[in-house]
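Spelled out from the first residue to the last, the chains are:
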Amino acid sequence: MKKFTVLLLVPDYLAQTYGQDTFFTCVSATGPKQAIAKARFEAAEKRDVADLDDFFPLCVIEGEHRNIKDQV
């Protein structure tokens, strides 16, 4: 298992500001496909989601990364 950092676009029916609302997480997976599936499940856990595929993957990066955007 490797660590992957995944960025998903939140579906329009859940987003406050569609196109800007994202879900960012790090998961352990065997590859990018499994990393996306795990991230989608994590993103949907506490939300009423019609289909996990509604979370569109924007980026999958090998390794564990953190978002430092707010430190700028």
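Coordinates for the structure precede this section.
Computed from a predicted model, the values in this text were never measured in an experiment.

Colleague: Mind laying out the overall build of the chain, listing which residues take part and the relevant values?
Modeller: When its secondary structure is counted, the chain shows one helix and three strands. When its helices and strands are written in sequence order, the chain yields β-β-α-β. A globule of 72 residues ought to have a C-alpha radius of gyration of about 11 Å, and the chain, at 12 Å, matches this closely. By its C-alpha atoms, the chain is 35 × 30 × 20 Å across when sized along the principal axes. Each of the 72 residues in the chain was classed as buried or not, and the buried ones make up 31%. A fraction of 58% describes how many contacts in the chain between residues 6 or more apart in sequence connect residues 24 or more apart. For the chain, the exposed surface amounts to about 5100 Å²; the carbon and sulfur share of it is 50%. In the chain, which carries 9 positive and 11 negative side-chain charges, the distance between the mean positions of the two groups comes to 8 Å.

Colleague: So what's going on with the side chain of Asp-21? Which residues, and what values?
Modeller: Looking at where Asp-21 falls in the secondary structure, it is placed in the loop between strand E1 (2-9) and strand E2 (22-29). Within the local environment of Asp-21, its side chain forms a polar contact with the backbone nitrogen of Gln-16, the two atoms lying 2.6 Å apart. Among residues more than four places away in sequence, those in contact with Asp-21 are Leu-8, Leu-9, Val-10, Ala-15 and Gln-16.

Colleague: Provide a residue-level description of helix H1 (residues 32-44), including the pertinent values.
Modeller: If you check H1, its first and last C-alpha atoms are 18 Å apart, about what 13 residues at 1.5 Å a residue would give, namely 18 Å. Where H1 is buried, its residues meet E1, E2 and strand E3 (56-62).

How each quantity is defined
- Counting of residues starts from 1 at the beginning of each chain's written sequence and follows it residue by residue.
- Residues qualify for local features only when their pLDDT is at least 70, as the model is predicted, and side-chain atom pairs are given and counted only at 80 or more; totals for whole chains, interfaces and linings, by contrast, use all residues.
- To obtain the side-chain values, all non-hydrogen atoms of the structure were included, while hydrogens and water were left out.
- Only DSSP runs of H or I covering at least 4 residues are called helices, and only runs of E covering at least 2 are called strands; the numbering of each starts at the N terminus.
- Each radius of gyration is computed over the set of C-alpha atoms, and the globule rule expresses the reference value as 2.2 Å times the number of residues to the power 0.38.
- Burial here depends on accessible area, computed with a 1.4 Å probe over protein chains only, as a share of the maximum for the residue type. Under 20% is buried, over 50% is exposed, and the range in between is partly exposed.
- Note on contacts: a residue pair qualifies if any of its non-hydrogen atoms lie within 4.5 Å across the two residues.
- Note on areas: Shrake-Rupley with a 1.4 Å probe; residue coverage comes only from the protein chains shown.
- Here the positive residues are Lys and Arg and the negative ones are Asp and Glu; neither His nor the chain ends is included.
- In this description, the location of a charge corresponds to atom NZ of lysine, CZ of arginine, CG of aspartate or CD of glutamate.
- The definition of a polar contact used here is a pair of N or O atoms within 3.5 Å, where within protein one atom must be able to donate a hydrogen and the other to accept one, and adjacent residues in sequence count solely through side-chain atom pairs.
- Take the number of residues in a helix, subtract one, and multiply by 1.5 Å to get its expected span.

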